Amino acid sequence: MARITAGLATSHVPAIGAALDLGRTAEPYWQPVFSGYEFSKRWIAARAPDVVVLVYNDHASAFSLELIPTFAIGCAESFAPADEGWGPRPVPVVEGHPELAWHIAQSTILDEFDMTIVNRMDVDHGLTVPLSLMFGQPAQWPCRIVPLAVNVVQYPPPTGNRCYHLGKAIRKAVESFPEDLDVMVWGTGGMSHQLQGPRAGLINREFDTRFLDRLTADPEGLARIPHIDYVREAGSEGIELVMWLIMRGALAADAREVYRFYHVPASNTAVGHILLENPR
Amino acid sequence: MTDYTEAFKDIPGTIIFDATQSRRGYHLNMFCMSLMKAANRAAFKADERAYLERFPMTDEQRQAALDRDYNRMLALGGNIYFLAKIGATDGFSFQNLASKMTGMKEDDYKAMMLAGGRSPEGNRSLAERRGAGSA
């Protein structure tokens, strides 16, 4: 049977992707960001997941205002990097895992989560920047990816609690998939940042630190933070942190923190990263 | 539901992209979305006014787009991820747009971010600010 071995969360700042693509990772501004991911790169390479369920949000790339799915699962064979206005990132095409994706769709829908099934979807920096951070710049990505896009652009986004419980449903789905697969779940976005209006540039280290602490110490309580607290405390785009709760819900209650990293700034954003491991 | 969206209005310098804003800004945002195609970016750059006429926006929205007045566009229903496509068409980074919206010089904004960003202290609540002012 398939199993979830580990989970991680990371920011998905577009400027990080640009720094990688333009060969600027050694510059003094970027060096501390990339060095903060070295441990996790090695750790994940050693565990070599077969599949990553990658939770992210689309930034008006695949989904405009014509269609706004709250939870959309990518069931296609592959997903092309999106042109976000600068041309697509020079990264490999993302190979999906249609069998597992369809299985998760079926299992979670029967568990009363109304997933949107997507057979064609370009993937933007929200998905490709975390892949670059964890896998570097390979000719092809080392594992299959099941994209799970969450609406955090149009209000209301799903509640943190709904995300947390979707994570639990995903765990149940993965553990009932008959193939022998090592699966990781990644939650992306955050941490504190605001990209719009006169309050742009807001960073809240205290909120972010507490959020990282509570991911292992108090996930149930963390899942009850209302939207307004995210926006007030972590900035309007800090709302992306609800996606981390899908990852957390997919892991065991007694998952262990292996590593964390926090750095300000990457462009407008506080970069946060945490690695959690399920008990064996 | 009204209470849910109203509550966000207490947060300074922040516009939540709720149903009202989404309806108000639909065509403005769909104009931005069109800039994801290179041919449309070229057509927009060649004649901005004519290109904007293709979308059934209000004159106010068109003028804000021509002026690159991002705060005005946000107020008129623009969403930042859509508006960023105008910035990309102009060749500006997201950080450049952010500095414009805060009214800061880009270098000053960058320095603020390097120093740890904008503090949440005093930036959480308009009601709290008014309270502090009268105290």
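Residues numbered from 1 in each chain as written. Chains lettered and ligands numbered in written order. Predicted model: local features only at pLDDT ≥ 70, side-chain atom pairs only at ≥ 80, totals over all residues.

(A) The arrangement of the interface of chain A and chain B in detail. Contacts between the two partners involve 33 residues from chain A and, on the opposite side, 43 residues from chain B. Among the elements that make up the side of chain A that touches chain B, the one with the highest residue count is helix α9 (residues 227-234) of chain A (four residues). (Contact = placed C-beta atoms within 7 Å. Helix = DSSP H or I, 4+ residues; strand = E, 2+ residues; numbered from the N terminus.)

(B) Examining the domain arrangement of chain B more closely. Structurally, chain B comprises domain 1 (14-92) and domain 2 (104-135). Each of domain 1 of chain B and domain 2 of chain B was reduced to a C-alpha centroid, and the two centroids are 27 Å apart. (Domains from an automatic or database assignment.)

(C) Just the sheet that holds strand β1 (residues 3-10) of chain A, in detail. All names here are of chain A. Here eight strands make up an open sheet; going across it, the order is β6-β3-β7-β2-β8-β1-β10-β9 and the pairing mixed. Because the sheet does not close on itself, it has two edges, and the strands there are β6 (116-118) and β9 (256-266). Pairwise comparison of adjacent strand axes, ignoring direction, gives a mean angle of 20° for this sheet. Alignment of strand β3 (residues 71-74) against strand β7 (residues 144-150), held across three bridges, turns out to be antiparallel. Bridge pairing in β7 links Ile73 to Leu148. Against the sheet, helix α7 (residues 205-217) contacts β9 and β10 (269-277), and its axis sits at roughly 10° relative to β10. (Pairing = 2+ DSSP bridges. Axes fitted to C-alpha atoms, helices over the stretch in contact; angles between N-to-C directions.)

(D) Spotlight on the pairing of strand β2 (residues 51-56) of chain A. Residues and elements named next belong to chain A. The buried count for β2 comes to six of six residues, which makes it a mostly enclosed element. Here β2 shows two buried faces, one formed by Val51, Val53 and Val55 and the other by Val52, Leu54 and Tyr56. Taken together, the six bridges between β2 and β7 define a ladder with parallel strand orientation. Considered in β7, the bridge of Val52 is made with Ile145. (Buried ≥ 20, exposed ≤ 12 C-beta atoms within 10 Å, placed from the backbone.)

(E) Up close: the pairing of β3(A). Residue and element names in this part refer to chain A. Burial along β3 is two-sided: Phe71 and Ile73 and Ala72 and Gly74, pointing in opposite directions, are all buried. Where β3 and β6 come together, three bridges link them in parallel fashion. Residue pairing in the sheet places Ile73 in a bridge with Ile117 of β6.

(F) Spatial organisation of the environment of A:Glu95. Residue and element names in this part refer to chain A. Position of Glu95 among the secondary structure elements: in strand β5 (residues 94-95). Distance from Glu95 to Pro198, taken between C-alpha atoms, is 40 Å for residues 103 residues apart in sequence. Residues in contact with Glu95, not counting those within four places in the same chain, are Ser78, Trp141, Arg144 and Ile145.

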